[in-house]
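# Coordinate inspection notes
Next come the chains, spelled out residue by residue.
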Amino acid sequence: MEENLMTDIVSVLNLINYGFVLIFGIIVSFYFAGIQWEDNKCLFILTTVIFALFQALFYMLLGENVLYKCYPVLIHIPLILIIRYICHQNIYISFIAVMSAYLMCTPRKWFGTLAKYIFPEIPIISDVVTIVITIPLLIVVIKYISPYIIKLKEESKNIISMFFLLPLTYYILEYALTVYTNLLYTGKA
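In this report, we go over the structure that sits alongside the text. (Residues numbered from 1 in each chain as written. Predicted model: local features only at pLDDT ≥ 70, side-chain atom pairs only at ≥ 80, totals over all residues. Heavy atoms only, no water.)

## As for helix 7 (residues 157–179)
Compared with an ideal rise of 1.5 Å per residue, which puts 23 residues at 33 Å, helix 7 spans 31 Å between its outermost C-alpha atoms and is within 8% of the ideal. Turning to helix 7, its buried residues are I160, F164, P167, Y171, E174, Y175, T178 and V179. (Helix = DSSP H or I, 4+ residues; strand = E, 2+ residues; numbered from the N terminus. Expected span 1.5 Å × (residues − 1). Buried < 20%, exposed > 50% of the residue type's maximum accessible area, 1.4 Å probe, protein only.)

Okay, here's the thing in structure tokens:
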């Protein structure tokens with residue numbers, strides 16, 4: 001009975017964590033593209049609600065593993081297209097915004113992993129810490145990092161193209177080494 005309860009709690013926290021990372025990613029993507037909450041509340045809310053419903057439906061029908069592997073097609077590409085075509089941003093800025101937001105999700109995982117390392121006997125600690133750190137990290141990213149990403153709009157296409165390579169490289173490596181394979185964790189060549 002207690003084991004089933006813990007399994008249920010872990011599942012619920014995992015779902016909540018997926019919701020938090022989705023909200024974090026959408027907000028950071030918009031801010032990195034220069035789309036501010038104050039002027040675009042409806043866009044933020046509508047995008048978040050639609051993506052959350054779509055993500056929940058996909059999670060229930062196909063499971064967490066498939067959702068995780070299909071995230072680029074289900075969430076990232078549509079978000080890039082929204083920023084590009086609905087918000088009328090440059091395609092490079094759209095890609096940079098979404099892929100950089102993905103990169104900014106990594107510190108959330110670091111905190112959760114660190115907590116799990118320190119408290120391995122608490123099975124829910126990783127998700128709890130990851131969820132709790134989301135809002136403070138979001139505030140830091142919006143306040144201190146997004147102004148520099150927004151300034152990329154003023155740069156030449158060459159500079160933007162070069163900057164585009166950093167989040168693109170991270171994105172490809174992350175998906176290749178941890179999502180589609182577990183090469184990073186196995187130590188294999």
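Resuming the write-up.
## Points about the packing of aromatic side chains
According to the stated counting rule, one finds 12 aromatic pairs in the structure shown. Relative to F44, the ring of F30 has its centre 4.9 Å away and its plane inclined at 55 degrees; by these criteria the two rings are tilted. Placement of F30 in helix 1 (residues 2–32) and of F44 in helix 2 (residues 41–62) is noted, with a sequence separation of 14 residues between them. By the burial criterion, F30 is buried, and F44 matches it. An angle of 75 degrees between the planes, with centres 5.5 Å apart, marks the rings of Y92 and F164 as edge-to-face. Taken together, the residues Y92 in helix 4 (residues 91–104) and F164 in helix 7 connect sequence positions 72 residues apart. Y92 sits in the partly exposed class, given a relative accessible area of 29%. A relative accessible area of 14% means that F164 is categorised as buried. The structure contains a cluster of three or more aromatic residues connected by ring pairs, namely Y102, Y170, Y171, Y175 and Y180. Taking NZ or CZ as reference, R84 lies 5.1 Å from the ring centre of Y85, over its face. (Phe/Tyr/Trp six-rings, centres within 6.5 Å; stacked < 30°, edge-to-face > 60°. Lys NZ or Arg CZ within 6 Å of the ring centre and 35° of its normal.)

## Digging into the side chain of T134
Considering the arrangement of structural elements, one finds T134 in helix 6 (residues 125–150). You can call T134 buried: its relative accessible area is 2%. Side-chain polar atoms of T134 contact the side chain of R108, separated by 2.8 Å. Ignoring anything within four residues of it in the chain, the contact list for T134 reads F20, F24 and R108. (Polar contact = N/O pair within 3.5 Å; in protein donor to acceptor, adjacent residues only side chain to side chain. Contact = heavy atoms within 4.5 Å.)

## Here we look at the nonpolar core
Within the largest apolar cluster, 44 residues are counted, with the highest numbers of intra-cluster contacts made by F24, F30, I35 and I83. Broken down by secondary-structure element, the contributors of at least two residues to this core are helix 1, helix 2, helix 3 (64–86), helix 4, helix 6 and helix 7. Counting residues per element, this core draws most heavily on helix 1, at 9 residues. If sequence neighbours within four positions are ignored, F24 has contacts with A101, M104, C105, R108, T134, L137, L138 and V141. (Core = buried A, V, L, I, M, F, W, Y, C linked by side-chain atoms within 4.5 Å.)

## Quick look at the packing of helix 1 against helix 2
Look at helix 1 against helix 2: their axes get within 10 Å of each other, and the N-to-C directions meet at 145 degrees. Considering how the two elements wind past one another, helix 1 and helix 2 form a crossing that is right-handed. Of the residues in helix 2, those touching helix 1 at N14, L15, Y18, G19, L22, I23, I26, I27, F30 and Y31 are L43, F44, T47, T48, F51, A52, Q55 and Y59. A class-by-class count of the residues in the contact of helix 1 with helix 2 yields 13 nonpolar, 5 polar and no charged. (Axes fitted to C-alpha atoms, helices over the stretch in contact; angles between N-to-C directions. Left-handed = near helix turned anticlockwise from the far one by under 90°. Nonpolar A, V, L, I, M, F, W, Y, C, P; charged D, E, K, R; others polar.)

## Overview of the layout of surface pockets
Reported here for the largest pocket is a volume of approximately 770 Å³. Along the wall of the largest pocket there are 29 residues; nearest its centre are N17, Y18, Y68, R108 and K109. Counting only elements with at least two residues in the lining of the largest pocket, the list comes to helix 1, helix 3, helix 4, helix 5 (106–118) and helix 6. If one sorts the elements of the lining of the largest pocket by residue count, helix 1 sits on top with 9 residues. Split by residue class, the lining of the largest pocket holds 15 nonpolar, 9 polar and 5 charged. (1 Å grid on protein atoms, 1.4 Å probe; cavity = no way out; pocket = protein on both sides within 12 Å on 5 of 7 lines; lining within 4 Å. Points joined across faces, edges and corners; volume = space filled by probe spheres on them.)

## Quick word on helix 4
If you check helix 4, its first and last C-alpha atoms are 20 Å apart, about what 14 residues at 1.5 Å a residue would give, namely 20 Å. Within helix 4, 10 of the 14 residues are buried, leaving the element largely enclosed by the surrounding structure. Taken together, the buried positions of helix 4 are I93, S94, I96, A97, V98, M99, S100, A101, Y102 and M104. Here the buried face of helix 4 lies against helix 1, helix 3, helix 5, helix 6 and helix 7. Capping of helix 4 at its N-terminal end is provided by N90; its side-chain oxygen lies 2.5 Å from the backbone amide nitrogen of Y92.

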